[in-house]
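Given next are the chains, with one letter for each unit.
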2 protein chains.
Amino acid sequence: MDHHIKTLSPIKVGCANCNLKDLCMPMGLNLTDTERLNQVVTARKRIKRGKTLYRLGDKFNSIYAIRTGYFKTCVTTEDGRDQVTGFQMAGEMLGLDGVMSDEHSCTAVALEDAEVCVMPFEDIEQLSREIPSLQRHVHKILGGEIVRDQYVMLLLGSMRAEERLAAFLLNLVERLHARGFSQTELILRMTREEIGSYLGLKLETISRTFSKFAEEGIVDVNQRHIHILDAQALHQLVDHSNCKHALAA
Amino acid sequence: MDHHIKTLSPIKVGCANCNLKDLCMPMGLNLTDTERLNQVVTARKRIKRGKTLYRLGDKFNSIYAIRTGYFKTCVTTEDGRDQVTGFQMAGEMLGLDGVMSDEHSCTAVALEDAEVCVMPFEDIEQLSREIPSLQRHVHKILGGEIVRDQYVMLLLGSMRAEERLAAFLLNLVERLHARGFSQTELILRMTREEIGSYLGLKLETISRTFSKFAEEGIVDVNQRHIHILDAQALHQLVDHSNCKHALAA
DNA sequence: CGACACCTTGAAGAGGTTCAAGAAATGTGG
DNA sequence: CCACATTTCTTGAACCTCTTCAAGGTGTCG
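Every value quoted in this text rests on a predicted model; they were computed, and no experiment measured them.

**Describing the relation of the copies chain B and chain A**
Each copy superposes on the other: chain B lies on chain A with an RMSD of 0.0 Å after a rotation of 180° and an axial shift of 0.0 Å. Each copy turns onto its partner about a two-fold axis. Taking the C-alpha atom as reference, chain B places Arg129(B) closest to the rotation axis, 2.2 Å from it. A share of 100% of interface residues in chain B that are also interface residues in chain A marks the association as one of identical surfaces.

In structure tokens, the structure reads:
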């Protein structure tokens, strides 16, 4: 296997020895299939903070696996104003929004210097016809996006500001934890305005809600450094929102 | 080809002569491939109004193409209260929410007596490994769901009540028009409460907004019978929402 | 015809927004 | 390395949209 990795491409770290292989595309593949997948990764791409990986309207060619860095995806209106539709971190996929119409339906912006693996979608399709477990995984990635979006709809449709921010923080630390980071401390890569856009709130509301959480001793907030002191309280906020609506119904 | 249809199943109407074939799963397939797809449709299922096709937590086995009738999908909390995540009509697919975790992440309820074609997902996967254009179509269906959900997030995250209802009505008539119905008249299959849940508003707000539209001569509202008198005005409401935000930024 | 679900409308109230000003952090160029 | 410009964040006060609560009306189905 090893000689393959060396001869195939100038990329030093292949899928097989990437530390994200259990979260990313090779998830569940055996060594042989992982190597075949690795051959699809034709390039790596570095994106500076603030730059875009692709823009709304761009031709869709490839999907991207994030190796390092953070992204936001947003739907930009003609005038430059945008609605954030998601935040993505290492091991997550970008670009699937383009599958439907062969052009991207949103813009992906790096929130910090980032590196992605470029996977031409036609090659992924080809390979997934040959490797059922890869096909399954592609379907799961696409389907997972649907489930995530449903949850955001529930959040936007039925939660109040505090509940939304609590759910947001819990979701972030959970994903960070899966990547080996702390369950209680995190650094936000996005501005209050971007969080607000994602949660359907104004930046002032985000700021105020953070202050409220801090007053109540639920979190410690220092700019973008967040220390979760009482995760239980956050969970109760989110869960309680369901109960409350149930009683109201 | 014809003898296949007759011998294979007791189903009288196959995909090849279904009047939804250009909107539904066989879209873009040639006759031979359409017939192979038809063999995957092992059953039809009738669902009475108010009954569920599947429930949150059910094992995921199949996806469903709607032949007749309307559905809503909703995320039900333990207490029976639910957030509507979408409305589906003839030619659209249901069940994709289960692809990710092998169990359904929402509940599909018939809003009127309905009939669906049952397609075991493993068979669809098998066939799409053999027919690239079917594979592409499965990807497009999954990807299309993502794009649609993004739009709903934009709607919930940044539009006001009037804008949301305008967008909702326009989306409905557009889909109905694609199915040969009027561009100006429609009958709502769902209650004000269900519309409200979908749009992140209360049923009273929906009712009031309908009344406001009626006062302004934009639509004619008679219970669930809606006559759109000024589609232009509705479009302006939706488009204007973007402009306004752009100016505010 | 009566029971039930659904819809409409009003009035009061709450949650979030808007506008505004100032403070803190970050980045830039000399 | 510091001063200045810029971006980001915080907080207050007034306002507005949507919600909540309540009552009555309309339609539908057994």
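**Side note on the interface of chain B and chain A**
With 45 residues of chain B at the contact, the number on the chain A side is 45 residues. Of the roughly 4300 Å² buried where chain B meets chain A, counting both sides, 62% is carbon and sulfur surface. Between Glu125(A) and Arg136(B) there is a salt bridge; the shortest N-O distance is 3.0 Å. Inspection of the chain B/chain A interface yields 17 residue pairs in polar contact (both at pLDDT 80 or more). Those elements that provide at least two residues to the side of chain B that touches chain A are strand 5 (82-88), helix 3 (121-130), helix 4 (132-158) and helix 8 (231-248) of chain B. Looking at which element gives the most residues to the side of chain B that touches chain A, the answer is helix 4 of chain B, with 20 residues.

**Re the protein's contact with DNA strand C**
Residues in contact with DNA strand C amount to 19 residues; listed here are only the nearest, Ala161(A), Thr205(A), Arg208(A), Ser207(B) and Ser211(B). Near the protein, meaning within 4 Å, the atoms of DNA strand C are sugar or phosphate in a fraction of 65%, with bases accounting for the rest. Here Ser211(B) contributes a side-chain N or O atom positioned 2.4 Å from a phosphate oxygen of DNA strand C. Mapped onto the surface near DNA strand C, the elements with two or more residues apiece are helix 7 (203-215) of chain A together with helix 7 (203-215) of chain B. In terms of residues, the surface near DNA strand C owes the most to one element, helix 7 of chain B, which gives five residues. Considering only residue class, the surface near DNA strand C consists of three nonpolar, seven polar and nine charged.

How each quantity is defined
- Residues numbered from 1 in each chain as written.
- Chains lettered and ligands numbered in written order.
- Predicted model: local features only at pLDDT ≥ 70, side-chain atom pairs only at ≥ 80, totals over all residues.
- Heavy atoms only, no water.
- Least-squares fit on C-alpha atoms with pLDDT ≥ 70 in both.
- Contact = heavy atoms within 4.5 Å.
- Buried area = accessible area lost by both parts, 1.4 Å probe.
- Salt bridge = Lys/Arg side-chain N within 4 Å of Asp/Glu carboxyl O.
- Polar contact = N/O pair within 3.5 Å; in protein donor to acceptor, adjacent residues only side chain to side chain.
- Helix = DSSP H or I, 4+ residues; strand = E, 2+ residues; numbered from the N terminus.
- Near = heavy atom within 4 Å.
- Nonpolar A, V, L, I, M, F, W, Y, C, P; charged D, E, K, R; others polar.

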